[in-house]
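# Results of the structural survey
Given next are the chains, with one letter for each unit.
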Amino acid sequence: MKVIVEPSKYRLPIARPLVGVAGKTGTWRLERPVVDNNKCTRCYLCEIHCPVNVIRVEPDAGVSIDYDYCKGCGLCADVCPVLAIKMVPEE
Ligand code: SF4
Ligand code: SF4
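Let us look at the structure shown here. Each chain carries its own residue numbering, running from 1 in the written order of its sequence. Chain letters and ligand numbers both follow the written order, the letters beginning at A and the numbers at 1. pLDDT decides what is reported in this predicted model: residues at 70 or higher carry local features, side-chain atom pairs at 80 or more are listed and counted, and totals for whole chains, interfaces and linings draw on all residues regardless. Side-chain numbers here rest on the full set of heavy atoms in the structure, without hydrogens or water.

On to the overall build of the chain. In terms of helices and strands, the chain carries 2 helices and 4 strands. We call a residue buried when its accessible area falls under 20% of the maximum for its residue type, exposed when it is over 50%, and partly exposed in between, using a 1.4 Å probe and counting protein chains only. Counting all 91 residues of the chain, 23% fall into the buried class. Between two residues, a contact is recorded if the distance between any of their heavy atoms is within 4.5 Å. A separation of at least 24 residues holds for 62% of the contacts in the chain among residues at least 6 apart in sequence. We count a stretch as a helix when DSSP gives it H or I for four or more residues in a row; a strand needs E for two or more, and each element gets its number in order from the N terminus.

In structure tokens form, the structure reads like this:
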């Protein structure tokens, strides 16, 4: 028996890009980490522990965070031994 398949029957809908695509956080984050680079000792613990790898520690410049991708989990603030990172509410 010959089976005839209509190709259009199996087409999937085309996704439309929205805020939050490609790993970007979008607008749902409740808190963001703010770093006091004067307190920071450049120990790199926050950079190592960030689950989405958005923290960079430079010996001279200190800590920078890519807020487009930061999820606001607070882990960086929890591991900082000198309390140089504070979580503040999103505005
Ligand atoms: S709050 Fe979480 S996701 Fe954001 S920089 Fe800190 S550890 Fe990374
Ligand atoms: S964990 Fe704290 S002291 Fe260590 S690099 Fe990060 S901000 Fe600086």
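On we go.
Attention now moves to unusual backbone geometry. Phi angles above zero are rare outside glycine, and Y44 is one such case at about 75°. Its identity as a non-glycine residue notwithstanding, L83 has a phi of 55°, on the positive side. The class for L83 is exposed, based on a relative accessible area of 61%.

Okay, the environment of D68 next. Relative to the assigned elements, D68 resides in the loop between β3 (62–65) and α2 (75–79). You can call D68 partly exposed: its relative accessible area is 43%. For the pair D68 and K24, spaced 44 residues apart in sequence, the C-alpha to C-alpha distance is 5.7 Å. Setting aside chain neighbours within four positions, we find D68 in contact with K24 and T25.

With that settled, the discussion passes to the side chain of T25. Tracing the sequence through the fold places T25 in the segment before β1 (31–35). When residues no more than four places from it in sequence are discounted, the contact partners of T25 are D68, Y69, C70 and K71.

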